[in-house]
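What the coordinates show
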Amino acid sequence: MTYEESIAWLEQAASFGIKPGMERINALLDRLDHPERAYRVIHVTGTNGKGSVVAMITSVIENSTLKVGRYISPHLIDYTERIYCGGRDIPREDFARAADVVMAAAESAAADGVEAPTEFELLTAMAFWYFREQKVDYAVVEVGLGGLLDSTNVVEPVVSVITNVAMDHMKYLGDTLEKIAHQKAGIIKEGVPVVTAAQQVPLKTIKKEAHAKKSRLYFYGRDFEVDSRSKYKTGQVVVVKRKDMPKELEKGLLFVPFVGPHQAVNAAVAAMALTIVMKQDDRINENDLREGLARTRWMGRFEIHDVRGIPVVFDGAHNPAGAEALSESLEEQYPDKRRLIVFASLADKDTDTVIALLVRKDDKVFLTEAPTPRSRKTGELAGMFTCETKEEPSVAAALADAVAEAKEGDMVLVCGSLYILGEALEWMEKKEAELRAEAESAASAKDGEEAPTSEGKETK
């Protein structure tokens, strides 16, 4: 298959929807000779923050010069973002090659009467196979949905991570925090250490599962915590306290290139998980932790751009917990600015609560739709706001109008759904190229004006 053909094949599988269960992925991996057993795995779930934690852990292991793969979802612009290895997203030709191999495995399973796999299961098998082909030392694997019945839950990790637990995906995970926590705790394996920042009811559920599996549990507030933090425009300096460390390392001073108190906690979670890994593998050390965290890059998480002095922030906040974290970051960074918000939301999200947390009466919202059948229509969204709104035909149009309308004292915010960040990022890339060209043209014209001429000079 070509890359384009592989995407068409995956999108056809997407029509099967979300179907939790392990039979289909196990059938695929059986036919691929279980590639997920060929390397060490760090398995990460949670309602919010898991992508950031995955990115931080990946960056630290890369800093050690070990080869690391990373599997995430969803992608923002291109499917290749989901499978990352050796410092870059999978090349398109390798993506197509992995799709060919997994398609053959799926056809073999179908011939034996196994139900057709979902898109996510196919992608998971592709990632695991590719990581084995690339001979990675570690794979950092993000859960797609929940944990217990997620297709990534075939791995036997060296450490399991549960960032937090909040209300989201209730249709699939349950309608209480306890039920959702049970699904997240499903990634805990017999005797494998667990790190979590979950609190209260979810923490009780996780404790119970860890005890049943005889897994050492490291939880935020007892085994590790943020001791202090100093915020800056480009990130924050965080002191993370970890128990069972030598005295000189008990409090680690770390630079985190993301803003907001929630990202300080995410960094503490990543640091604790990596501390466990370092105790098992001396090829990774504290210097890698410091340098790797500082070098972490992650698109769409309070990502700040500037358009002629107007701050433009992209954030993937799409549920109440994410919106609350975003609200805290906005209050820290831009407490007095009016918000021009480019907004979309999916029909299965608690949109009313997200709006209440992020939108104030003097703000203005530019409404658009996410590129998925699950998106709320702009007309429906308009009735959910009490401030001024404008319905837009696309993300690009909404962002262009918001930026054009912004004045001194305003900011532009893109949020509500991860699905709209890809188009927003593409628009921003073009806009920044435009601004660079303008600046170069202006500089060139100025140089021309200031260049000395021969007119008026004496001649000998």
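Residues numbered from 1 in each chain as written. Predicted model: local features only at pLDDT ≥ 70, side-chain atom pairs only at ≥ 80, totals over all residues. Heavy atoms only, no water.

**Re the packing of aromatic side chains**
- Under the criterion given, the structure shown has six aromatic pairs.
- Measuring from centroid to centroid gives 6.1 Å for Tyr-39 and Phe-131, while their planes differ by 80 degrees, and the two rings are edge-to-face. Placement of Tyr-39 in the loop between helix 2 (23-31) and strand 1 (40-45) and of Phe-131 in helix 5 (residues 119-133) is noted, with a sequence separation of 92 residues between them. Of the two residues examined, Tyr-39 and Phe-131, each falls in the buried class.
- Following the ring pairs from residue to residue traces out a cluster consisting of Tyr-3, Tyr-79 and Phe-95.
- The ring of Tyr-84 carries the charged tip of Arg-70 above its face, separated from the ring centre by 4.0 Å.
- The ring of Tyr-218 has Arg-216 sitting right over it, with the charged end atom 4.2 Å from the ring centre. (Phe/Tyr/Trp six-rings, centres within 6.5 Å; stacked < 30°, edge-to-face > 60°. Helix = DSSP H or I, 4+ residues; strand = E, 2+ residues; numbered from the N terminus. Buried < 20%, exposed > 50% of the residue type's maximum accessible area, 1.4 Å probe, protein only. Lys NZ or Arg CZ within 6 Å of the ring centre and 35° of its normal.)

**Here we look at the sheet that holds strand 16 (residues 388-391)**
- Taken together, six strands build an open sheet; the order of strands is 12-13-17-14-15-16 and the sheet is mixed. Looking at which strands have only one partner, the edges of the open sheet turn out to be strand 12 (303-307) and strand 16. Taken pair by pair, the neighbouring strands of this sheet meet at an average axis angle of 20 degrees, ignoring direction.
- Of the strand pairs in this sheet, strand 15 (residues 364-367) and strand 16 are connected by four bridges, and their pairing is parallel. Looking across to strand 16, one finds that Leu-367 is bridged to Glu-391.
- In this fold helix 11 (residues 320-333) packs onto strand 14 (338-343) and strand 17 (410-415), with an angle of close to 160 degrees to the strand it touches most, strand 17. (Pairing = 2+ DSSP bridges. Axes fitted to C-alpha atoms, helices over the stretch in contact; angles between N-to-C directions. Contact = heavy atoms within 4.5 Å.)

**Section: the pairing of strand 9 (residues 224-232)**
- Here strand 9 pairs with strand 10 (residues 235-242) via eight bridges, running antiparallel. Considered in strand 10, the bridge of Ser-230 is made with Val-237.
- Linkage of strand 9 to strand 10, two consecutive antiparallel strands, is achieved through a turn of two residues.

**Some remarks on the sheet that holds strand 2 (residues 68-71)**
- Overall, mixed pairing links the eight strands, which are arranged 4-3-2-5-1-6-7-8 in an open sheet. The open sheet is flanked by strand 4 (88-89) and strand 8 (217-219), the only strands paired with a single partner.
- Bridge analysis of strand 1 against strand 6 (residues 159-162) gives four bridges, and the strand direction is parallel. Looking across to strand 6, one finds that Thr-45 is bridged to Ile-162.
- On top of the sheet, helix 3 (residues 50-63) reaches strand 1, strand 2, strand 3 (83-85), strand 5 (138-142) and strand 6; it is set at about 170 degrees to strand 5, its chief contact.

**Focus on helix 4 (residues 92-111)**
- Taking 1.5 Å of rise per residue, 20 residues should cover 28 Å, and helix 4 covers 29 Å from first to last C-alpha, within 8% of that figure.
- Turning to helix 4, its buried residues are Asp-94, Phe-95, Ala-96, Ala-98, Ala-99, Val-102, Ala-105, Ala-106 and Ala-109.
- Here the buried face of helix 4 lies against helix 1 (3-14), helix 2, strand 3 and helix 5.
- Within two residues after helix 4, Gly-113 carries a phi angle of roughly 90 degrees, on the positive side. (Expected span 1.5 Å × (residues − 1).)

**Focus on unusual backbone geometry**
- Cis geometry is found at the peptide bond from Ser-73 to Pro-74, where omega equals -10 degrees.
- Its location among the elements puts Pro-74 in the loop between strand 2 and strand 3.
- One non-glycine residue, Asp-33, lies in positive phi territory at about 65 degrees.
- Relative to the helices and strands, Asp-33 resides in the loop between helix 2 and strand 1.
- Overall, the relative accessible area of 60% leaves Asp-33 in the exposed class.
- In this structure, Lys-135 takes a positive phi of about 55 degrees despite not being glycine.
- Tracing the sequence through the fold places Lys-135 in the loop between helix 5 and strand 5.

Taken by themselves, the reported measurements are silent on function.
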